[in-house]
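Okay, here's what each chain looks like letter by letter:
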Amino acid sequence: MVSGMERRVRSTTVFFVLLFLIMEKFGEVRSLSPDSHCIWYGQCNDGMNCYYNGTAKELTDPKAIKLLKEMCPHLISSDTGHPKTCCSAEQIFTLNANMTLPRTLLARCPSCLKNFINLFCHSTCDPQQSDFMAVNAQDITPTNQIKTVYYAISEDFVFGMFNSCKNVQDPSSGKAALSMLCGMEASQCTPKQWLRFLGEKSLNPDFVPFNIYFNISSNSTMFLDILNLTLHPKNATFEPCTGRCSCQDCSTSCQPIEPTVLSIVFTILGFDPLEFIMACTFLAFLISFGTALICSYFYGKKRLRTAVYSLNADDESPIGAADAESASQKTHCYDRLGARMEGLFERFFCSWGYFCARRPVVVIGSAIIVCIALSLGIIFFKVTTDPVELWSAPDSRARQEKDYFDDNFAPFYRTEMLIIEAKNKSQWLHHPDSLRILPKLFGPVLQKDVLHEVLTLQNKIASLTAWSDKLQLNVSLEDICFSPLRPDNPRCAIMSVLNYYQNDPKNLDKTTLDEMGWTDADYLNHFSICTQDPLTISDLLLKGVNLSCLADFGGPVMPWVALGGFPGENYENATALVITFIVNNFKNETFQEMAMAWEKEFIKLMREFEGINITVSFSTERSIQDELNRQSRSDIVTILISYIVMFVYVSVMLGQYRSWSRLLIDSKMLLGLSGVLIVLASVTSSVGFFSYVGIPATLIIIEVVPFLVLAVGVDNIFILVQTYQRTTRHAGETTEQLIARVVSRVGPSMMLTSFSESLAFFLGALSNMPAVKVFSLYAAMAVFIDFLLQMSCFISLLTLDAKRQEAGRPDCCCCISGQPQETPTKPGILHSLANRRIYAKVFLNNVTRPLTMVIFVGWLCVCVSVVNKIDLGLDQKLAVPKDSYVLKYFSSMEKYLSVGSPVYFVVEEGHDYTTPFGQNEICGSSGCLEKSLLGRVYEATRRPNSSYISYPPSSWLDDYFNWIGSGSSCCRQFISNHSFCRSTVAESKLCEPCTLKHEVNGRPIDSDFTKYLPWFLEDNPGVTCPKGGHAAYGSAVKMTSRNNQSVVGASYFMTYHSVLKTSTDYIKALKFARDLGDNITKSLSSHDGLNLKDSGNVAVNVFPYSIFYVFYEQYLDLVPKTVFNLGLSGAAIFVMTFVLLGFDLWTAVIVIVTIAMILVSMFGMMYFWSITLNALSLVNLVMTVGIAVEFCSHIARAFAISTHPTRLARAEDAFLHMGTSVLSGITLTKLGGIVVLAFSKSQLFRVFYFRMYACIVLFGALHGLFFLPVLLSYVGPPVNKVRANRKTSGLVDSDNSPILTGGSPSSDSSLYPDVNIIYDGR
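In this numbering scheme, every chain counts its residues from 1 along its sequence in written order. Per-residue local features of the predicted model are confined to residues with pLDDT of at least 70, and side-chain atom pairs are confined, for both listing and counting, to 80 or more; whole-chain, interface and lining totals are unaffected and use all residues. Excluding hydrogens and water, the side-chain values take into account all heavy atoms of the structure.

J.: Describe the overall build of the chain, with residues and values.
T.: Per the secondary structure count, the chain includes 45 helices and 34 strands. The buried share of the chain, taken over its 1322 residues, is 59%. Residue pairs at least 24 apart in sequence account for 75% of intrachain contacts in the chain once pairs closer than 6 positions are excluded. Total accessible area computed for the chain in this model is approximately 52,800 Å², and 59% of it derives from carbon and sulfur atoms. Starting at the N terminus, helices and strands are each numbered in turn, a helix being any DSSP run of H or I of at least four residues and a strand any DSSP run of E of at least two. A 1.4 Å probe rolled over the protein chains alone gives each residue an accessible area, and that area as a share of the maximum for its type sets the label: buried under 20%, exposed over 50%, partly exposed in between. Whether two residues touch is decided by their heavy atoms; if any such pair falls within 4.5 Å, the residues are in contact. Each accessible area value is a Shrake-Rupley result obtained with a 1.4 Å probe; residue values ignore everything except the protein chains displayed when judging cover.

J.: Go over helix α2 (residues 62–71) with me, naming the residues and quoting the values.
T.: Restricting attention to buried positions, one finds in α2 the residues A64, I65, L67, L68 and M71. Angular distribution of buried residues about the axis of α2 spans 165°; they occupy a single face of the element. In α2, the exposed residues that point more than 90 degrees away from the buried face are P62, K63, K66 and E70. In this structure, the buried side of α2 is in contact with β4 (84–85), α3 (89–98), α4 (100–106) and α5 (110–125). One side-chain oxygen at the N-terminal end of α2 lies 2.9 Å from the backbone nitrogen of K63; it belongs to D61. This arc is built from the directions going out from the helix axis to the C-beta atoms. Polar contact is the term for a pair of N or O atoms within 3.5 Å; when the atoms are in protein, one must be able to donate a hydrogen and the other to accept it, and sequence-neighboring residues count only if both atoms are side-chain atoms.

J.: Lay out the nonpolar core with the relevant residues and their values.
T.: Buried Ala, Val, Leu, Ile, Met, Phe, Trp, Tyr and Cys residues that are joined via side-chain atoms within 4.5 Å together make up what is termed a nonpolar core. Counting 292 residues, the largest nonpolar core has L418, I461, F775, L933, W956 and W963 as the members making the most contacts within it. For this core, the element with the most residues is helix α26 (residues 770–806), which contributes 21 residues. Not counting the four nearest positions on each side in its chain, F775 is found in contact with I701, V704, V705, L708, F761, V1179, V1182 and M1183. Among the nonpolar cores identified, the runner-up in size contains 62 residues, and C121, M133, F157 and C241 belong to it.

J.: Help me get a handle on the confidence of the model for the chain, residues and values and all.
T.: Predicted coordinates in areas of low pLDDT are best not read in detail. For the chain, per-residue confidence averages 81 on the pLDDT scale, and 84% of positions sit at 70 or higher. This model gives residues 1–33 a pLDDT under 50, and the stretch forms 195 contacts once residues within four places in sequence are excluded. Note that residues 1087–1096 has pLDDT below 50 and, in this model, 15 contacts with residues that lie over four places away or in other chains. As a per-residue measure, pLDDT tells how confident the predictor is, with possible values from 0 to 100.

J.: Describe in detail the pairing of strand β31 (residues 1045–1056), supporting the description with residues and values.
T.: Burial analysis of β31 places 10 of its 12 residues in the buried class, the great majority of the element. Note that strand β25 (residues 902–907) and β31 share 6 bridges and pair antiparallel. Paired with F905 across the two strands is F1053, which belongs to β31. Here strand β30 (residues 1037–1042) runs beside β31; their pairing, made up of 5 bridges, is antiparallel. Considered in β31, the bridge of R1042 is made with Q1045. Note on pairing: DSSP must find at least two bridges between two strands before they are called paired. Where β30 folds back on β31, the antiparallel hairpin that results is connected by 2 residues, among which N1043 adopts a positive phi of roughly 55°.

J.: Give a detailed account of the state of the cysteines, specifying residues and quantitative values.
T.: By convention in this document, the label disulfide applies to cysteine sulfur atom pairs within 2.5 Å. Counted by the stated rule, this structure contains 13 disulfides. Through a disulfide, C44 is tied to C50; the S-S separation comes to 1.7 Å. The exposure classification of C44 matches that of C50, with both residues buried. What pairs with C247 in a disulfide is C254, and their sulfur atoms sit 1.8 Å apart. Torsion about the S-S bond of the C247 and C254 cystine: about 100°, corresponding to right-handed handedness. The two residues C247 and C254 agree in class, both being buried. We note that C371 lacks a disulfide partner, and the nearest cysteine sulfur, in C793, lies 7.4 Å from it. What makes C371 buried here is its relative accessible area of 11%.

J.: Go over the packing of helix α40 (residues 1118–1140) against helix α41 (residues 1145–1168) with me, naming the residues and quoting the values.
T.: Throughout, an axis means a line fitted to C-alpha atoms (over the contacting stretch in the case of helices), and angles, computed between N-to-C directions, take values from 0 to 180 degrees. Interhelical geometry of α40 versus α41 gives an angle of 150° and a closest axis separation of 8 Å. Here α41 runs roughly antiparallel to α40, going by the angle between their axes. Crossing handedness for the pair α40 and α41: right-handed. In this structure, α40 contributes T1122, L1126, G1130, I1133, F1134, T1137 and F1138 to the contact, and α41 contributes L1145, A1148, V1149, V1151, I1152, I1155, L1159 and F1163. Ten residues, namely Ala, Val, Leu, Ile, Met, Phe, Trp, Tyr, Cys and Pro, are considered nonpolar, four, namely Asp, Glu, Lys and Arg, are considered charged, and the remaining ones, Gly among them, are considered polar. Here the residues of the contact of α40 with α41 are counted per class, giving 12 nonpolar, 3 polar and no charged. In these notes the angle categories are as follows: under 35 degrees is roughly parallel, over 145 is roughly antiparallel, 65 to 115 is roughly perpendicular, and the rest is oblique. The sense of a crossing depends on the near helix, which, turned anticlockwise from the far helix by less than a right angle, makes the crossing left-handed and, turned clockwise, makes it right-handed.

J.: Kindly report on the sheet that holds strand β6 (residues 148–154), identifying the contributing residues and their values.
T.: On the basis of which strands lie adjacent, the open sheet formed by 3 strands has the order β5-β6-β9 and mixed pairing. Single-partner strands in this sheet number two, and they are β5 (133–134) and β9 (211–217). Of the pairings in the sheet, the one linking β5 to β6 comprises 2 bridges and is antiparallel in character. Paired with A134 across the two strands is Y150, which belongs to β6.

J.: Explain the pattern of salt bridges residue by residue, including any values.
T.: Note on definitions: salt bridges are taken to be side-chain nitrogens of Lys or Arg within 4 Å of carboxyl oxygens of Asp or Glu. Here the structure, examined in full by the defined rule, presents 30 salt bridges. Among the ionic pairs, K869 bridges to D272, the shortest N-O distance being 3.5 Å. Highlighted residues: K869 in the loop between α29 (848–866) and α30 (885–896) and D272 in the loop between β11 (229–231) and α8 (273–299), separated in sequence by 597 residues. Salt bridges linked by common partners bring R397, E401, R1074, D1078 and E1113 together as one network.

J.: Run through the packing of aromatic side chains, naming residues and quoting values.
T.: Classification of ring pairs rests on two measures: the distance between centres of Phe, Tyr or Trp rings, Trp counted by its six-membered ring, which must be within 6.5 Å, and the angle between planes, read as stacked under 30 degrees, edge-to-face over 60 and tilted in between. With the rule as written, the count across this model stands at 63 aromatic pairs. Judged by centre distance (6.4 Å) and plane angle (5°), the rings of F1134 and F1138 are stacked. In this pair, F1134 and F1138 both sit in helix α40, 4 residues apart, roughly one turn of the helix. An aromatic cluster of at least three residues, connected via ring pairs, comprises Y913, W956, Y960, F961, W963, F980, F1009, Y1012, W1015, F1016, Y1033 and F1053.

J.: Pulling in residues and values, what's your account of a nonpolar patch on the surface?
T.: Surface patches are drawn from residues lacking salt bridges whose relative accessible area is over 30%; two like charges belong together within 9 Å, two nonpolar side chains (Val, Leu, Ile, Met, Phe, Trp, Tyr) within 5 Å. Together, I368, I372, L376, I379, F380, F689, Y692 and V693 make up a nonpolar patch on the protein surface, roughly 790 Å² of accessible area in all. Where the nonpolar patch is concerned, the elements lending two or more residues are α12 (360–375) and α23 (669–693). Top element by residues in the nonpolar patch is α23. It accounts for 3 residues. Its place among the elements puts L376 in the loop between α12 and β12 (383–384). Classification of L376 by relative accessible area gives partly exposed; the value is 48%.

See the structure below:
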């Protein structure tokens, strides 16, 4: 931002130089002699040129001859003798002195500088002045001084000189040097306007002592009516810049811009390819599925007539004879393996369930002790709130580059910004009461009363003092702000147009009057001058005022930074003011506390501010974090209500209510509450465990993991309780034995889902995205602990509650004795509807099933067709509450900002700047390689629409060359001790120019380069030396020591991104900058056949850095990361399902296909509901996989172990025994809690939690409860023949539970502690 500060000398000073030189060269040709002669010679009073009508004189001063030979070699005919000139030695010395500033401005392009000096060489010393210059007799003063000169010059030379100079850049500001020489923007300057500004006093009153009228002609002669005289326009030879100057300074030296490769929109018959493919896929499915249905109808018609169809859950009769015969056929090895695996799990869970039921106190006490021990780790709990830590992995490229930049330079500044609009948004016509100045339209924010109000506010902010309770001290802006010229100038850098007036209201009111007493110039004229040349030292129009455009902190304010809402470069039409307070961002805790305290006071002031003529939007460095914290606090109530709704639902719906008299007895509120507490205990245990380990949590953990674990935990609670309630007790069977039998039935299913989810989440922790990694770890551990607690503590609690109910004791008041009575099994409402075959009649009939397949496959194809259209990124507006002041700032920023973030191209330590080759690899001026670092970056600025780089880069290296180059008065040393003599030291006799012992083409090499570079970085810019590097490059170069010698370490070259408004813009800008940096790194290794060995350099890395890279890097490979994470989770679920279902491959495939369909549906919903893909949505997608397992695996396992004769019957049986629990558990529980999230004030909650959570539950329920049973009814795995044989043999009851034998059920030595599940393992 402040790099433009060393912007050369102010334009007007240069103009003065030029004019002064022109004065020297012009004379009069009114001589009556027909031969060529001089029109001036020597200097009169006040340094004015003296009229002289005579022939040229010999120049005898050796020093003057040497200077003339250096500047004007074409005027010296031989190397010996005394040349004849129309200038004295004094005039030559003056010419040389006055060329100091043009050399500084134009030396980057030797052709331009040569042509420019050539112009003044001829006018000052040409022995044939009278041929092309003339002066009227009345324009000669009595003291022989010349007041007006007429100068005839050829059109070829004028245009040649102009074309060689029009593109010369100023590296420190990124603007063309001609903007300071023409009185207007370089893009609007013409050759004629350039010469007029240099010669006419009315256009340049302070620096044109007399008028110089340039007369441009394309002919060999020109007749001037005013003089009645014919002149011969000077047709001096000019040197084109092509080939002599770099592309940055000479457009004709540039290679043609590579045409932008337009992305070819590939279509198939005018349709999007993916949409067309999905349409064809769906059509193919319809055809093949329809054909299969027709064939199966005719082929299976006879079999269907004879099929035995028994689905009564209470029917304990064996299957029909035909099916029994089929089931008794020879079993396959996978049938026996599956049955053996199933038996192993049933035996284990039966034993374990019996143990927990028999010893509830021991189990519950142990669980409490373990949970407390783990939860105590919360005392070490830490939450990561730093966005960098949250979204960027420590080993990521962006993070490493940021750390490198911060360590070698300084962290990027804290930014406090105001965007100001006028309440009256109309343009207005400025009517200066002057006949010479025409009325002009200006933007609404440039009204004087608006500027005064803004200045009052700005100065009030600058004088703010904040009290830090933590540090017990007052903090002012000067304590924390960035001051580029400190300690010489301690004022803070404030980027504001009011700094064109040095933040002084008196300067804003200054005007100048003409000879008639009318306003000749005012603040708007000064504004126009400063926007054309922010480095102007003294305004040309405000005569006698000596008002600078430089800010009070000593640097320039670039108009595109301080203004907004202007078209092109028409700054006068700006519709907004942008004020930026630049604050340091040192990473020590004390400084951060000081900055935060001041920003807090700043926010307080701005929130209370009410403008009279203006409206203000604002933001500080801490604003977003403050608003996130406020949002989190405001949503605590919403989250609590959501969880309370779910808790109440679980507590109430677990009960079986048969009559009002038994309402309290049949209620299971305590059991439901205990189940919820188990879920919370698993979350706290997971948090405590990782707090012990030292892995900090994130806000996502607090908000998402409880939702996930509650979904999993509640589902398992409902499955356990409702299976117990539906299971018929055998004769003589105790409560403990019944519980054991229930656990043996549902335990494997719960293990399948919980282990699948835990493994999927643990594998998700392989992600290098911190938010996803931490979520996966915490979620995996919480789900695993929840499973362990449910399979231990909750079984014991269920046993105690069952005994309470059997004893007739009321819930919540179990101490009150009641009337013991048998508790008959009674299915719930959903189970009763399913038991009456309502579900089968509606969803599993011959019409609904095909229709379900068509609808779900059609929806799948639709979702796949739009999955590639999902946007990446996170709209920052969603991160703050709806009523946040930051939202207004975001809107204003998108509407008005005219420049993007600074981008630094960092050259890491190791590059050798002391060799000509090493310098040419980096620099951007004449003699540098075409594909140098700065050359490549400048090339990118020529196509900002695709490169997203809008301004030429600043270059400390090129400015250093100009600072130390021959003819520059910047590099000086004290004669006494040879220490650095700053350009601000006025006593020139104390100092002498630096002497280069080692140089090539005027550039320092070897030891001279590193000797004088620290002086350059210490020197402040000023009138005599605008190239001082302290302000612009004080932090851009890090000097280090190597082999006991000072060398250049890391350095950067800064430019700006173009305005970036969307996440896509930010991502593309980062990608292009990365590609550009990688190409520069490669080019530093070899140029034109020169390799590193030849140049003596070592391979170094060049990388771009901008403040937003660390946040947007994740999107460069987010799509493959998403595929990887979801694919890995899916693979884990597939493997666990395959193994835990007894190596049932087909069921595992069906489960993973259904989960994939749920995921694809989520992607489709994200597109249609405008939800972008980012780390938050990726976390939700990973969670989707876990919850989808709950919807699918229970039903799939129930289908796999069912022994009913047909797939259709088994599908209905699976829904009857598991689907109803899933529906009443996870589905209805979650929907109640999710609806509450819709009322959140947080936009983030409404988008990424309410919308996505609702769709997770909706799609999970639709696919798990409706599509999956239909799919299984068509292509489900065949019945396990071993299990069918066991049912035929009476070893498995109608509920597919094992019949346990081995001892008296009522005896303490019952078989249950050593359960023996008898099954046929043949």
